[in-house]
Amino acid sequence: MKCGLLPISQEALLLGEISYHPYTGILVDQAEREAIGKNLGPKNKVMMLQNHGIVACGETVEEAWLNTYGTIHACEIQVQAMAAGLDNLIVKDVKELWERTAGLQWDTVDHQTRTNLTWESGQMEFEAMMRQLDRQGYQTGYPYKLPDVYATPSQQ
């Protein structure tokens, strides 16, 4: 979309500032690789390759997965909302909204668990997704922080 990803959902705001790159083909050209790196910038974690897809980064696999998942969800919300027409969408001041959600994006999450673990960005969500896959029989081998969350009383 020419308008890019609009800040019309919490999911879009949690991604922070998004980079854009006019994708021109495969990455065999060194200049294209350098342009992508330059357009991503030093802080951004998500970049839209125009007319191609996204690049989602993170300091860990879990954070990169969370950025990918959040980008997909934000895009789905925007496509559904645009059925009402671009002129009918309410877009607030982006800088103010980013400032209000910035703490949620980078801070660790202190989740109330019986072990009082500290979760880095994306870890809790990624672990939940791995649990779903394991329960479906995929045997991911993921090392859980809380391996006994769903243990039955006889297993404890």
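Engineer: Go over the pairing of strand 1 (residues 18-21), please, and point to the residues and values.
Structural biologist: Alignment of strand 1 against strand 2 (residues 46-49), held across four bridges, turns out to be parallel. Opposite Y20, over in strand 2, you have M48 as the bridge partner. The handedness of the strand 1 to strand 2 crossover, carried by helix 2 (residues 30-40), is right-handed.

Engineer: Account for the layout of surface pockets, with residues named and values stated.
Structural biologist: Here the second largest pocket defines a volume of roughly 350 Å³. Taken together, 15 residues make up the lining of the second largest pocket; nearest its centre are M1, G4, Y20, M48 and N51. Listed by contribution, the elements that provide at least two residues to the lining of the second largest pocket are strand 2, strand 3 (53-56) and helix 3 (61-81). At three residues, helix 3 tops the list of elements feeding residues into the lining of the second largest pocket. Residues that form the lining of the second largest pocket fall into these classes: eight nonpolar, six polar and one charged.

Engineer: Tell me about the pattern of salt bridges, residues and numbers included.
Structural biologist: Opposite charge on two side chains allows them to pair when their charged atoms are near. All told, the structure shown has three salt bridges when counted by the stated rule. Salt bridges sharing common partners tie together K45, E59 and E63.

Engineer: An account of the environment of E32 is needed here, citing residue identities and associated values.
Structural biologist: One can find E32 in helix 2. A residue is classified by how much of its surface remains accessible, and E32, at 9% relative accessible area, is buried. In the structure, E32 is positioned ten residues away from P22 in sequence and 10.0 Å away in space, judged by C-alpha atoms. In this view, E32 contacts H21, Y23, T24 and L27; residues no more than four positions away in its chain are not counted.

Engineer: Any details on unusual backbone geometry? Residues and values, ideally.
Structural biologist: Of all residues except glycine, most have a negative phi; of all peptide bonds, most are trans. Despite not being glycine, N51 has its phi angle at roughly 65°, a positive value. With respect to the helices and strands, the residue N51 is situated in the loop between strand 2 and strand 3. For Q139, which is not glycine, the phi torsion reads 50° and is therefore positive. Structurally, Q139 is set in the segment after helix 5 (123-135).

Engineer: Lay out helix 5 with the relevant residues and their values.
Structural biologist: Its 13 residues give helix 5 an end-to-end C-alpha distance of 18 Å, which sits within 8% of 18 Å, the value for a rise of 1.5 Å per residue. All of the buried residues in helix 5 are Q123, F126, E127, M130 and R131. Along the axis of helix 5, the buried residues cluster in a sector spanning 145°; they form a single face. The secondary structure elements touched by the buried residues of helix 5 are helix 3 and strand 5 (118-119).

Rules and cut-offs
- All residue numbers refer to position in the chain's written sequence, counted from 1.
- Per-residue local features are limited, in this predicted model, to residues with pLDDT of at least 70; the limit for side-chain atom pairs, both in listing and counting, is 80 or more; totals at the level of whole chains, interfaces and linings are taken over all residues.
- No hydrogens and no water enter the side-chain calculation; it runs on all heavy atoms of the structure.
- The rule for pairing is simple: two strands pair if DSSP sees at least two bridges between them.
- Think of it this way: any DSSP run of H or I at least four residues long counts as a helix, any run of E at least two long counts as a strand, and we number them from the N terminus.
- Call a crossover right-handed when, viewed with both strands pointing away from you, the route from the first strand across the helix to the second goes clockwise.
- Of the two site types, the cavity is a set of points on a 1 Å grid over the protein atoms alone where a 1.4 Å probe fits but cannot get out, and the pocket is an open set with protein on both sides within 12 Å along at least five of seven lines, each lined by residues with an atom within 4 Å of a point.
- Grid points are joined across faces, edges and corners, and a volume is the space filled by probe spheres set on the points.
- Gly falls in the polar group here, along with every residue not listed as nonpolar (Ala, Val, Leu, Ile, Met, Phe, Trp, Tyr, Cys, Pro) or charged (Asp, Glu, Lys, Arg).
- A pair is scored as a salt bridge if a Lys or Arg side-chain nitrogen falls within 4 Å of a carboxyl oxygen belonging to Asp or Glu.
- Classification of residues uses two cut-offs on accessible area relative to the type maximum, computed with a 1.4 Å probe and protein chains only: under 20% is buried, over 50% is exposed, and between them is partly exposed.
- Should any heavy atoms of two residues lie within 4.5 Å, those residues are counted as being in contact.
- One fewer than the residue count of a helix, multiplied by 1.5 Å, yields its expected span.
- When we speak of the arc, we mean the arc of directions from the helix axis to the C-beta atoms.

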